[in-house]
Amino acid sequence: MHYLKLDVWQRSYQLTLRVCKLIKSCKDYGLKDQISRSAVSIPSNIAEGAERQTAKDNVRFLYFAKGSCGELLTQVMLARDLGHFPEVEANELISELIEVSRMIGGLIKYRSSQIQEKYGEYRVD
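The structure presented is a predicted model; accordingly, all values stated were derived computationally and were not measured.

**Topic: the overall build of the chain**
- A tally of regular secondary structure across the chain gives four helices and zero strands.
- Overall, the C-alpha framework of the chain stretches about 50 × 25 × 25 Å when taken along its three principal axes.
- Looking at the chain as a whole, 41% of its 125 residues are labelled buried.
- Working note: accessible area of the chain is about 7400 Å², and carbon and sulfur atoms make up 53% of it.
- When the 18 positive and 16 negative side-chain charges of the chain are each reduced to one mean point, those points stand 3 Å apart.

Written as structure tokens, this is what we have:
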């Protein structure tokens, strides 16, 4: 469970806790469910990819986590603009999501370069 030591996993986990606590009292149940799912998906996909047997699977799940960052960022913006999230807290979450997404992107590049060094040409299908 080496992923527990990854800064990107730790930050995404803390981000998920913040989002879930903030959305707890929201009465828009569809948005609430969607936000919860995409938030939980970020650290979960980082963890799942790290526990997979192949580096290619690891990278694939990192891409899922990165996609969930984009999804959650959009949903936080919507929640803010619809009045479900306070503007200051939402903007802090947005900044953190941008940083976590950037960190995941860096990890993807790093892991992909390791694969390329080991196996030559590499593409995620």
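**Focus: helix α1 (residues 7-23)**
- The end-to-end C-alpha separation of α1 is 24 Å, in line with the 24 Å expected for 17 residues at 1.5 Å each.
- Val8, Trp9, Ser12, Leu15, Thr16, Val19, Leu22 and Ile23 are the residues of α1 that are buried. One face of α1 carries all of its buried residues, which in axial projection span an arc of 150°.
- Contacts made by the buried residues of α1 are with α2 (29-51), α3 (55-81) and α4 (87-119).

**Some thoughts on the pattern of salt bridges**
- Taken as a whole and judged by the stated rule, the model has seven salt bridges.
- Linking Asp33 and Arg37 is a salt bridge whose minimum nitrogen-to-oxygen distance equals 2.9 Å. A residue pair is termed a helical-turn pair when its members lie 3 or 4 positions apart in one helix, as Asp33 and Arg37 do in helix α2 at four residues.
- Here Arg37 falls in the exposed class, since its relative accessible area comes to 56%.
- Close ionic contact of Arg102 with Glu99 constitutes a salt bridge, the shortest N to O distance being 2.4 Å. On the criterion of helical spacing, the pair formed by Arg102 and Glu99 is a turn pair, its members being three residues apart in helix α4.
- Judged by relative accessible area, Glu99 falls into the partly exposed class, the value being 23%.

**Observations regarding the environment of Ser95**
- Within the secondary structure, Ser95 is located in helix α4.
- Sequence separation between Ser95 and Leu73 is 22 residues, and the spatial gap between their C-alpha atoms is 9.1 Å.

**Some points on α2**
- End to end, α2 covers 32 Å across 23 residues, agreeing with the expected 33 Å (1.5 Å per residue, within 8%).
- A maximum bend of about 30° is found in α2 at Ile42, where proline Pro43 lies one to four positions downstream.
- Along α2, the residues classified as buried are Leu31, Ile35, Ser38, Ala39, Ser41, Ile42, Pro43, Asn45, Ile46, Ala47, Gly49 and Ala50.
- Its buried side turned inward, α2 meets α1, α3 and α4.

Each value, and the rule that gives it
- Residues numbered from 1 in each chain as written.
- Predicted model: local features only at pLDDT ≥ 70, side-chain atom pairs only at ≥ 80, totals over all residues.
- Heavy atoms only, no water.
- Helix = DSSP H or I, 4+ residues; strand = E, 2+ residues; numbered from the N terminus.
- Buried < 20%, exposed > 50% of the residue type's maximum accessible area, 1.4 Å probe, protein only.
- Areas by Shrake-Rupley, 256 points an atom, 1.4 Å probe, with all protein chains shown as cover.
- Lys, Arg positive; Asp, Glu negative; His and termini not counted.
- Charge placed at Lys NZ, Arg CZ, Asp CG, Glu CD.
- Expected span 1.5 Å × (residues − 1).
- Arc of directions from axis to C-beta.
- Contact = heavy atoms within 4.5 Å.
- Salt bridge = Lys/Arg side-chain N within 4 Å of Asp/Glu carboxyl O.
- Bend = angle between axes of the 7 residues up to and from the residue.

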